[in-house]
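Examination of the molecular architecture
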Amino acid sequence: LGYLFNGVYVNMLAAVTIAKRSEYVAYAAGLGAAVNVAANLWLIPLWGMFGAAWATLAAYAAMALALYLAGRKLYPIPYETGRLAAAGAATAAILIAARLLNLTMTADKFWLRLSLVAAFPAVLALAGFLNAEERAALKARLGCRAAP
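Residues numbered from 1 in each chain as written. Predicted model: local features only at pLDDT ≥ 70, side-chain atom pairs only at ≥ 80, totals over all residues. Heavy atoms only, no water.

Comments concerning the overall build of the chain
Check the secondary structure of the chain and you find 6 helices and 0 strands. Counting helices and strands in the order they occur from the N terminus, the chain gives α-α-α-α-α-α. Against the compact-globule benchmark of 15 Å for 148 residues, the chain has a radius of gyration of 20 Å, which places it well outside the compact range. Taking the principal axes of its C-alpha atoms as reference, the chain extends roughly 60 × 40 × 15 Å. Counting only residues that meet the buried cut, the chain has 19% of its 148 residues in that class. A separation threshold of at least 6 residues defines the contact pool for the chain, and within that pool the share at least 24 residues apart is 62%. Of the roughly 10,500 Å² of accessible surface on the chain, 70% is carried by carbon and sulfur atoms. Here the chain contributes 12 positively and 5 negatively charged side chains, and the mean placements of these two sets differ by 3 Å. (Helix = DSSP H or I, 4+ residues; strand = E, 2+ residues; numbered from the N terminus. Rg over C-alpha atoms; globule rule 2.2 N^0.38 Å. Buried < 20%, exposed > 50% of the residue type's maximum accessible area, 1.4 Å probe, protein only. Contact = heavy atoms within 4.5 Å. Areas by Shrake-Rupley, 256 points an atom, 1.4 Å probe, with all protein chains shown as cover. Lys, Arg positive; Asp, Glu negative; His and termini not counted. Charge placed at Lys NZ, Arg CZ, Asp CG, Glu CD.)

Below, the structure written as structure tokens:
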């Protein structure tokens, strides 16, 4: 999840770079550093190395949000935020299911983990990720016909 937010941060660099306002990159990096240090001081005593991982996630999320907000003012890019939220909700649903089923990385639960991975596209569809054109293309590819 931390890498996801790092990727979002890198994507958000486009707006400030196109607007030639690279000082916002420094502001976002400074914010990320401050969030990381504060979160590490708070979370490492509670959760050890997992606290450091969550602190890094919080830092990347803060950096991505900072560049998103700056980019909206400098060079607005029409991101499909609803679809991104649907993808995030689908991912969260699968992760929560994995946690509730106690799916650790052991050989005895391989098929159950594989089933959750295979269910991900269906969860994406249920979350509203696909638009009408994509649903029609998927139905055509799968050979589904409309009811008479």
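Here the narrative resumes, following the displayed structure.
A short note on the nonpolar core
Core analysis: the largest hydrophobic core is formed by 8 residues, namely Tyr9, Met12, Val16, Ala28, Met63, Ala64, Leu67 and Ala70. Counting residues per element, the ones that place at least two in this core are helix 1 (2-18) and helix 3 (49-74). Tallying contributions element by element places helix 3 first for this core, with 4 residues. (Core = buried A, V, L, I, M, F, W, Y, C linked by side-chain atoms within 4.5 Å.)

Notes on helix 3
End to end, helix 3 covers 38 Å across 26 residues, agreeing with the expected 38 Å (1.5 Å per residue, within 8%). Listing the buried residues of helix 3 in full gives Gly51, Ala55, Leu57, Ala59, Ala62, Met63, Ala64, Leu67, Ala70 and Gly71. Buried residues along helix 3 sit in contact with helix 1 and helix 2 (23-47). (Expected span 1.5 Å × (residues − 1).)

Overview of the packing of helix 1 against helix 3
Following both chains from N to C, one finds helix 1 and helix 3 inclined at 20°, their axes separated by 8 Å at the closest point. Accordingly, the angle class assigned to the pair helix 1 and helix 3 is roughly parallel. The chirality of how helix 1 crosses helix 3 is left-handed. Between helix 1, through Gly2, Phe5, Asn6, Val8, Tyr9, Met12, Leu13, Ala15 and Val16, and helix 3, the contact on the second element is made entirely by Leu57, Tyr60, Ala61, Met63, Ala64, Leu67, Tyr68, Ala70, Gly71 and Leu74. (Axes fitted to C-alpha atoms, helices over the stretch in contact; angles between N-to-C directions. Parallel < 35°, antiparallel > 145°, perpendicular 65-115°, else oblique. Left-handed = near helix turned anticlockwise from the far one by under 90°.)

Digging into the packing of aromatic side chains
Taken as a whole and judged by the stated rule, the model has 3 aromatic pairs. Here Tyr24 and Tyr27 contribute two aromatic rings whose centre-to-centre distance is 5.8 Å and whose plane-to-plane angle is 90°, an arrangement assigned as edge-to-face. With Tyr24 and Tyr27 both in helix 2 and 3 residues apart, this pair spans about one turn of that helix. Judged by its relative accessible area of 23%, Tyr24 is partly exposed. (Phe/Tyr/Trp six-rings, centres within 6.5 Å; stacked < 30°, edge-to-face > 60°.)

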